[in-house]
Amino acid sequence: MRQAQSGEADRKSARMPVINRLKQVLFPLHIHIATLFIGLILAVGLVLGWFNYHKNAEVILSASEQLFDQINQEIMTHFRQVSAHTGSDIDLLVLTPIVRAGTLPERLKALPLLATVLRDEPSLSAVQVGYDNGDYFVVRPLYSRFMRQRFQAPEGAVFVADSITADTAGVGYHVIIFQKGAILCSEPARY
């Protein structure tokens, strides 16, 4: 019996440290409740953060699409206005004698008209006329420093006209620089 009592005592003593350890590990109820609330608050915070992130992403995407559509509409409206005005300018130029001009002096008579078209429509970079015989006549504004340097335009020059002629002798290039209808210089092209 002694052995049984001693075995029981050994088991009790072996259990005691486990119980003592559990008592040391066990926390009071208010610690468990606080931990539960902290976990709950973190979970709710993560869910709200995720929800807000996705909603903000949708709002930003929607706003950028609206802005893109608005800019697209403005550009298309401006393009239609410019192209309609340019189209009417071209329709009027077709009725002028420049489309039938066979020589450089005949084409130069249209310089004031072409300069007016370029002055009235700043979005145009040039007015060009091509002829059945291969000749080509183009008038450009000299608004930029690059264009002035490119054509070595004198002071006060506003427009430059290029006349390209094709005949049996070959291709000839001629540059005419003018201001308000008055020709400032006229010479064979150097290009």
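As the structure is a computational prediction, the values presented were derived from the model and not from experiment.

Calculation rules
Positions within a chain are numbered from 1, following the residues in the order the chain's sequence is written. Totals for whole chains, interfaces and linings use all residues, but because this is a predicted model, local features are given only for residues with pLDDT of at least 70 and pairs of side-chain atoms are given and counted only at 80 or more. Excluded from the side-chain calculations are hydrogens and water; all other atoms, namely the structure's heavy atoms, are used. By the convention used here, strands pair only if DSSP detects at least 2 bridges between them. The helix count covers DSSP runs of H or I at least four residues long, the strand count covers runs of E at least two residues long, and both are numbered beginning at the N terminus. For each structure, a 1 Å grid was placed over the protein atoms alone; sets of points admitting a 1.4 Å probe that cannot get out are labelled cavities, open sets with protein on both sides within 12 Å along at least five of seven lines are labelled pockets, and lining residues have an atom within 4 Å of a point. Grid points are joined across faces, edges and corners, and a volume is the space filled by probe spheres set on the points. All amino acids are sorted into three groups, where Ala, Val, Leu, Ile, Met, Phe, Trp, Tyr, Cys and Pro are nonpolar, Asp, Glu, Lys and Arg are charged, and the leftover types, Gly among them, are polar. The aromatic pairing rule takes the rings of Phe, Tyr and Trp, using the six-membered ring of Trp, and pairs them if the centres are within 6.5 Å, calling planes under 30 degrees apart stacked, those over 60 edge-to-face and the rest tilted. We count a charge as sitting over a ring when the NZ of a lysine or the CZ of an arginine lies within 6 Å of the ring centre and within 35 degrees of the ring normal. Classification of residues uses two cut-offs on accessible area relative to the type maximum, computed with a 1.4 Å probe and protein chains only: under 20% is buried, over 50% is exposed, and between them is partly exposed. What the arc measures is the spread of directions leading from the helix axis to the C-beta atoms. Patch members must show over 30% relative accessible area and no salt bridge, and they are joined within 9 Å when carrying like charges or within 5 Å when they are nonpolar side chains of Val, Leu, Ile, Met, Phe, Trp or Tyr. Each accessible area is a Shrake-Rupley estimate made with a 1.4 Å probe; only the visible protein chains count as cover when residues are assessed. Each salt bridge in this description consists of a side-chain nitrogen of Lys or Arg and a carboxyl oxygen of Asp or Glu lying within 4 Å of one another.

In summary, the side chains of a regular strand alternate between the two faces of the sheet. Note that strand β1 (residues 127-130) and strand β2 (residues 136-141) share four bridges and pair antiparallel. Counted as the bridge partner of V127 is V139 from β2. Joining the antiparallel neighbours β1 and β2 is a turn of five residues, in which G134 adopts a positive phi near 100 degrees.

Turning next to the layout of surface pockets. Counted as a void, the largest pocket has a volume near 190 Å³. If you trace the largest pocket, you find 14 residues lining it, with I90, L93, V127, Q128 and V129 closest to the centre. It is helix α2 (residues 29-94) that provides the largest number of residues to the lining of the largest pocket, a total of five residues. By residue class, the composition of the lining of the largest pocket is eleven nonpolar, two polar and one charged.

Counted by the stated rule, this structure contains zero aromatic pairs. Of note, R107 hangs over the ring of Y131, and the distance from its end group to the ring centre comes to 4.1 Å.

With that settled, consider helix α4 (residues 111-120). Within α4 the residues assigned to the buried category are L111, L114, A115, V117 and L118. Buried residues of α4, seen end-on, are gathered within an arc of 155 degrees and therefore sit on one face of the element.

We now examine a nonpolar patch on the surface. On the surface, a cluster of nonpolar side chains totalling about 540 Å² of accessible area is made up of L29, I33, F37, L40 and I41. Among the structural elements, L40 can be located in helix α2.

Function-wise, these values are silent; they only describe arrangement.
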